[in-house]
Amino acid sequence: QVQLVESGGGLVQAGGSLRLSCTASGSISSITTMGWYRQVPGKQRELVATITRGSSTMYKDSVKGRFTISRDNAKNMVYLQMNSLKPEDTAVYYCNTEGLLAPILRQFISWGQGTQVTVSS
């Protein structure tokens, strides 16, 4: 009932920047936490950054100072600005949202399809 569409991935040289976007749509009453995760082949998906509806943020230690998460509550969108990218940031990045469905107010957790980010050295 909730769909997430991501965009903004691609290929960039080390030191470059990318901005990921994610739009949530469907039978949404409210969204609480929005976040970005990433996964490389053979490894578990890991949290990159999260942001609450009140804009409290949390970051993976290795991206602090380089990545910035933000959201637009009116548009149900979340962004990830990635600066000073490193080859080790290469992964598939997934958008994640949690909230309440309309009209039954049942909790949901949804994932996007993923967008590839590749950082060349």
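Since the model is a prediction, treat every value here as computed from it, not as a measurement.

**Student:** It is not clear to me how the state of the cysteines should be interpreted in this structure. Could you clarify?
**Tutor:** In protein chemistry, a disulfide is the covalent bond that joins the sulfur atoms of two cysteines. Throughout the structure, instances matching the rule amount to 1 disulfide. With a sulfur-sulfur separation of 2.1 Å, Cys22 is cross-linked through a disulfide to Cys95. Across the S-S bond linking Cys22 and Cys95, the dihedral sits near -85°, which makes this disulfide left-handed. With Cys22 in strand β3 (residues 18-26) and Cys95 in strand β9 (residues 91-101), this pair connects stretches of sequence that are 73 residues apart.

**Student:** What exactly am I supposed to notice about the pattern of salt bridges here?
**Tutor:** Pairing between side chains of opposite charge can happen when the charged atoms of each approach one another. This model, assessed by the stated rule, comprises 5 salt bridges. Across the pair Arg66 and Asp89 runs a salt bridge, and its minimum N-O distance is 2.7 Å. Taken together, the positions of Arg66 in the loop between β6 (57-59) and β7 (67-72) and Asp89 in the loop between β8 (77-82) and β9 put the pair 23 residues apart, joining distant regions of the chain. The class for Arg66 is buried, based on a relative accessible area of 11%. Salt bridges sharing partners connect three or more residues here, namely Arg38, Glu46, Lys60, Arg66 and Asp89.

**Student:** Quick question: what am I supposed to make of the sheet that holds β7 here?
**Tutor:** Strands in a sheet are paired, the pairing made by backbone hydrogen bonds, and the direction either parallel or antiparallel. Taking strand neighbours across the sheet as the criterion, the 4 strands line up as β1-β3-β8-β7 in an open arrangement whose pairing is antiparallel. What marks the edges here is a single partner per strand, and that holds for β1 (2-7) and β7. Direction aside, the axes of adjacent strands within the sheet are offset by 15° on average. The pairing of β7 with β8 spans 6 bridges and is classified as antiparallel. Its bridge partner lying in β8, Ile69 is registered against Leu80.

**Student:** It is not clear to me how the pairing of strand β11 (residues 115-120) should be interpreted in this structure. Could you clarify?
**Tutor:** Consecutive side chains along a regular strand alternate between the two faces of the sheet. Burial of β11 is one-sided: the residues Thr115, Val117 and Val119 facing one way are buried, the residues Gln116, Thr118 and Ser120 facing the other way are not. Across 4 bridges, strand β2 (residues 10-13) lies against β11 in parallel orientation. If you follow Leu11 over to β11, its bridge partner there is Thr118. In terms of strand pairing, β9 meets β11 through 3 bridges, oriented antiparallel. Pairing of Tyr93 across the sheet is with Thr115, part of β11.

**Student:** Any chance you could explain the environment of Cys95 here in plain terms?
**Tutor:** On the basis of relative accessibility, which here comes to 0%, the residue Cys95 falls in the buried class. In the structure, Cys95 is positioned 74 residues away from Ser21 in sequence and 8.5 Å away in space, judged by C-alpha atoms. Here Cys95 is in contact with Leu4, Glu6, Cys22, Gly35, Trp36, Val78, Ser110, Trp111 and Gly112, once residues within four sequence places are set aside.

**Student:** Looking at this structure, how should I read the side chain of Asp89?
**Tutor:** Asp89 gets classed as buried once you look at its relative accessible area, which sits at 1%. At 3.0 Å, the side chain of Asp89 and the side chain of Arg38 are in polar contact. A polar side-chain atom of Asp89 sits 2.8 Å from the main-chain amide nitrogen of Lys86. Contacts of Asp89, omitting those with residues within four sequence positions, involve Arg38, Arg66, Phe67, Ser84, Val117 and Val119.

Calculation rules
- Residues numbered from 1 in each chain as written.
- Predicted model: local features only at pLDDT ≥ 70, side-chain atom pairs only at ≥ 80, totals over all residues.
- Heavy atoms only, no water.
- Disulfide = S-S within 2.5 Å.
- Helix = DSSP H or I, 4+ residues; strand = E, 2+ residues; numbered from the N terminus.
- Salt bridge = Lys/Arg side-chain N within 4 Å of Asp/Glu carboxyl O.
- Buried < 20%, exposed > 50% of the residue type's maximum accessible area, 1.4 Å probe, protein only.
- Pairing = 2+ DSSP bridges.
- Axes fitted to C-alpha atoms, helices over the stretch in contact; angles between N-to-C directions.
- Contact = heavy atoms within 4.5 Å.
- Polar contact = N/O pair within 3.5 Å; in protein donor to acceptor, adjacent residues only side chain to side chain.

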